[in-house]
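What the coordinates show
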Amino acid sequence: MLSVLATVDMAFGQLSDVGLRRLIGENGEGPKASSRAFLELILENRPRFSFALSAMIQIMLVIVAVLVTSISLYLFPDPRLVLVGLAAGLVLAGIFRQIVPLFVSTNNPEGTLLFLLPIIRPFFPLMAFLADPFQRLFDRSRRKELGAEDGAQEAEDDDGGDLQALIDVGEAEGILEEEE
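All of the points below concern the structure found in this document. (Residues numbered from 1 in each chain as written. Predicted model: local features only at pLDDT ≥ 70, side-chain atom pairs only at ≥ 80, totals over all residues. Heavy atoms only, no water.)

Considerations on helix H6 (residues 109-120)
Rules: Working definition: helices are DSSP H or I runs of at least four residues, strands are E runs of at least two. Numbering for both runs from the N terminus. Expected span of a helix: the number of residues minus one, times 1.5 Å. Categorising residues by exposure relies on relative accessible area from a 1.4 Å probe, with only protein chains included: less than 20% of the type maximum marks a residue as buried, more than 50% marks it as exposed, and the intermediate range marks it as partly exposed.
Compared with an ideal rise of 1.5 Å per residue, which puts twelve residues at 16 Å, H6 spans 15 Å between its outermost C-alpha atoms and is within 8% of the ideal. Turning to H6, its buried residues are Pro 109, Thr 112, Leu 113, Leu 114, Leu 116, Leu 117 and Ile 120.

Here we look at the packing of helix H1 (residues 2-14) against helix H5 (residues 82-105)
We apply this condition: Interaxial angles span 0 to 180 degrees and are taken between N-to-C directions of axes, which are lines fitted to C-alpha atoms, for helices over the stretch in contact. In this scheme, roughly parallel covers angles under 35 degrees and roughly antiparallel covers those over 145, while 65 to 115 is roughly perpendicular and the rest are oblique. Crossings are assigned a handedness: left-handed for a near helix turned anticlockwise from the far helix by less than a right angle, right-handed for a clockwise turn. Residue contacts are counted whenever heavy atoms from the two residues lie within 4.5 Å of one another.
Viewed as axis vectors pointing N to C, H1 and H5 meet at an angle of 55 degrees, and their least axial separation amounts to 8 Å. Judged by the angle between their axes, H1 and H5 are oblique. The interaxial crossing formed by H1 with H5 has right-handed handedness. Here Leu 2, Ser 3, Ala 6, Thr 7, Asp 9, Met 10, Ala 11 and Gln 14 of H1 lie close against H5, whose contacting residues are Phe 96, Arg 97, Gln 98, Val 100, Pro 101, Leu 102, Val 104 and Ser 105.

Observations concerning the packing of aromatic side chains
Quick note on the threshold: Ring pairs shown here join Phe, Tyr and Trp side chains whose ring centres sit within 6.5 Å, with only the six-membered ring taken for Trp; geometry is labelled stacked below 30 degrees between planes, edge-to-face above 60, and tilted in between.
Scanning the entire structure with this criterion turns up four aromatic pairs. Taking the centre distance of 6.2 Å and the plane angle of 85 degrees together, the rings of Phe 38 and Phe 49 count as edge-to-face. Of this pair, Phe 38 sits in helix H3 (residues 34-44) while Phe 49 sits in helix H4 (residues 46-75), and the two are eleven residues apart along the sequence. For Phe 49, a relative accessible area of 0% puts it in the buried group. Geometrically, the ring pair formed by Phe 49 and Phe 124 is tilted, given 5.4 Å between the ring centres and 45 degrees between the ring planes.

The structure is reproduced here in structure tokens:
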């Protein structure tokens with residue numbers, strides 16, 4: 001499951017919005033028209049889908065780490081040999097998170113995404129349910145940052161308007177000469 005999620009993430013990351021729109025157009029005409037609605041949902045909520053994928057990949061990595069540690073402690077009861085489990089976990093995570101998805105999705109990310117979407121589609125509501133609280137937290141902090149930037153921009157805009165008003169008053173009083 002880790003490899004499937006990582007492959008979808010890698011293929012999705014290689015496609016731009018234009019690539020997804022083109023894929024939706026091609027997909028609507030082909031035999032896999034059922035994926036079109038899901039692709040449109042992904043395109044509309046690209047950050048949400050990407051965050052849900054990343055969150056599920058992280059959860060799967062934790063599960064793999066716990067599983068490998070449990071197996072290594074069962075096979076090697078001596079606590080000093082836990083490093084064998086750590087090394088095995090790192091190798092397995094590297095293979096199934098990076099190498100396999102890279103080989104599968106590099107040549108044809110569009111085809112890979114279309115092939116794996118039917119596998120991911122049933123799990124997406126669960127993935128989104130688990131990731132939405134964190135996504136909302138991230139969006140809330142991002143909105144605060146944008147609000148602070150907007151406030152600073154409005155202050156700069158107000159200063160520019162105040163400066164122009166002072167120039168106009170100075171010209172009207174004859175303190176400043178009008179340029180023609």
